[in-house]
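Chain by chain, the residues:
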Amino acid sequence: MTSVSSVIDDLAGLDTEDFSQPKEFPLMPLGQAVDMGHADDGTPLIDPRIFNSPEFFRNPYPYYRILRDHYPVYHDKLHNTYWVTRYDDITECYFDDEGFNTIPKGSSSGVLGNTQLELSGIEHRRRRTLYGQHLVGESLKNRIPAIQHLATEMIDDWDRAAEEGSEYVIDKDGVRTVELGMMFANEFPIRVVCEVLGFPKESQDDFYYWYNSMMSGLGGSDTHKVGLEARQHLEDYVESMVEARRIEPTYLYDLEGNPVSKDIITKLCETKIDGDYLSTEEITSNIALVVGGGGETTRGAILNMWYLLLQAPDQFAAVCADDGLWDLAFHETLRHSSSIGGQPRHNSFDIEMHGVKIPAGSLMQMVDFSANHDERIFKDPETFDIFREDLYSGKILRSGFRKEGRCSHMAFGVGPHLCPGAWISHQEAVEGSKILKQRLKNPRINEERTPKDIDGKFAPTGIISVRGLWLDYDLT
Ligand code: HEM
């Protein structure tokens, strides 16, 4: 009898080599790929086990280049996934959310609840507009002083931490050594979102715990249960607020104490659709998604930006001399070392792309990392250069941007699901960094504590954000 997989193989015209046994790959100099063999015509072959290897995690770009050049749609039978790696193909799929829908993503189900990430079309748009308006434009502009205030408060706290002997803030011989993740970037984006949502100050610690548990709950079966419990606690907490907020709305204030607008939770509690209030479950899912979407991603952007800039002293000196350049640094960081690798989509119909037949309902991974390093769009893509002329760094647009040779990076996606937090994360990273720059005298990467690569230089960001970033700076 013909098996399903052999039918799919026939459809896709693929060979049937067995890649199921584990394999180790040597660590290569950055930018060079392991030789996985060649076809008769000289085309480099891909062993899909490479995608799980430490080599790939630290040095993905030569492999993405092979995919882009030779297999722009690669059917990885080991992971039962079609990898799409060219910028133009990915943007086309993102814009077509009927042909390439986000249903069923599933990985967040349960932990984050029934979120809009898994919706398409009208239902998706309806959910998105519920809170999206509070993360952009005037509402966001009004939040900037509060963002600056939160950043200042966190940095002020380092003195206390050092005195109390924190292992993440160490003073010695006039130099302070600080781990920027633990002391700033991990929590800062959560604090900002917590405030914009309108969570009472006294619940912030709980909120941070729920966030961490839900995030680790997305990662695996052993942490899934903790993630689900955290979500349930969050939902119970939200339930206890809903009635009160409908009777007595709460507001966001500017630094002078004037009300700016109702906070997001109040808005969600007041929203009626066809005469019915949103359910607590719907409100909680919206909150969980905003928090889930905005924490780890913005953390990674801040850490990666500092890591890359401090390794490029001329560029760091330039941003220090001109605050306006932080915007360029933020966008170039997200192009060069985004904190999100890509997004899954499912094709609604049988299709053929680059000669590969893809049956309806297949899992297609849009590899944003690869789009951001597509040399068809970005010259010399492996180089971090905040002054590059081919990257669009203006106002983030749902349509992306393509004018006079400049394209937007793909870190926020494009089209209907373009990250609604793009603007606020931009402000967090840029405003937070300006304040860090003012407060940290002569900052540099701590050579001893920072992980090194096989050549003894600082480890590459690879496909994950910097795990931690140890900085030294002068106290006087
Ligand atoms: C540097 C930081 C960030 C990056 C790189 C990032 C990246 C992304 C990407 C790529 C998507 C598109 C998902 C898709 O196409 O399926 C997305 C969606 C989303 N992001 Fe972000 N994000 C960031 C910050 C934030 C922040 C700060 C928030 C909230 C305040 C947020 C909330 C969301 C939400 C709610 C969605 C779902 C949008 C939808 O499906 O319509 N993100 N994000």
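The model shown is predicted, which means the values in this text are computed figures rather than measured ones.

With respect to the confidence of the model for the chain
Confidence in the prediction of the chain, expressed as mean pLDDT, is 87, and 92% of residues score 70 or more. pLDDT under 50 marks residues 1-14. Its contacts with residues more than four places away, or in other chains, come to 13 contacts.

Regarding the nonpolar core
Trp158, Phe184, Phe199, Ile287 and Trp306 are the most contacted members of the largest nonpolar core, which has 81 residues in total. Here this core gets 14 residues from one element, more than from any other, and that element is helix α12 (residues 280-310). Those residues in contact with Trp158, other than ones at most four positions away along the chain, are Val169, Arg176, Val178, Leu180, Met183, Phe184, Leu436, Leu440 and Tyr473. Counting residues in each nonpolar core, the second largest holds 20 residues, with Tyr82, Val84, Ala371 and Val414 among its members.

With respect to the sheet that holds strand β4 (residues 169-172)
Here we have 4 strands laid out as an open sheet, ordered β4-β5-β17-β16, and antiparallel in their pairing. The open sheet has two edge strands with one neighbour each: β4 and β16 (441-445). Looking at each pair of strands side by side, their axes are set apart by 20 degrees on average, direction ignored. As paired elements, β16 and strand β17 (residues 470-474) share 3 bridges and run antiparallel to each other. Within β17, the residue paired with Arg444 across the bridge is Asp472. α12 contacts β16 and β17 of the sheet and is inclined by roughly 95 degrees relative to β16.

Regarding the packing of aromatic side chains
Aromatic rings in a pair are described by how distant their centres are and how their planes are angled relative to each other. Enumeration according to the criterion identifies 20 aromatic pairs in this entry. Linked through ring pairs, Phe51, Phe56, Tyr61, Tyr63, Tyr64, Tyr71, Tyr74 and Trp83 together constitute an aromatic cluster. A cation over an aromatic ring shows up here: Arg246 above the ring of Tyr277, its NZ or CZ 3.8 Å from the ring centre. Between the NZ or CZ atom of Arg449 and the centre of the ring of Trp470, over which it lies, the distance is 4.4 Å.

Notes on the coordination of the iron atom of the ligand
Protein coordination of the iron atom of the ligand is limited to a single donor, Cys419 (SG), positioned at 2.3 Å. Relative to the helices and strands, Cys419 is located in the loop between β15 (406-407) and α16 (422-439).

So, how was this worked out
Residues numbered from 1 in each chain as written. Predicted model: local features only at pLDDT ≥ 70, side-chain atom pairs only at ≥ 80, totals over all residues. Heavy atoms only, no water. pLDDT = per-residue confidence, 0-100. Contact = heavy atoms within 4.5 Å. Core = buried A, V, L, I, M, F, W, Y, C linked by side-chain atoms within 4.5 Å. Buried < 20%, exposed > 50% of the residue type's maximum accessible area, 1.4 Å probe, protein only. Helix = DSSP H or I, 4+ residues; strand = E, 2+ residues; numbered from the N terminus. Pairing = 2+ DSSP bridges. Axes fitted to C-alpha atoms, helices over the stretch in contact; angles between N-to-C directions. Phe/Tyr/Trp six-rings, centres within 6.5 Å; stacked < 30°, edge-to-face > 60°. Lys NZ or Arg CZ within 6 Å of the ring centre and 35° of its normal. Donors = N, O, S within 2.8 Å, 3.2 Å for Na, K, Ca; no water.

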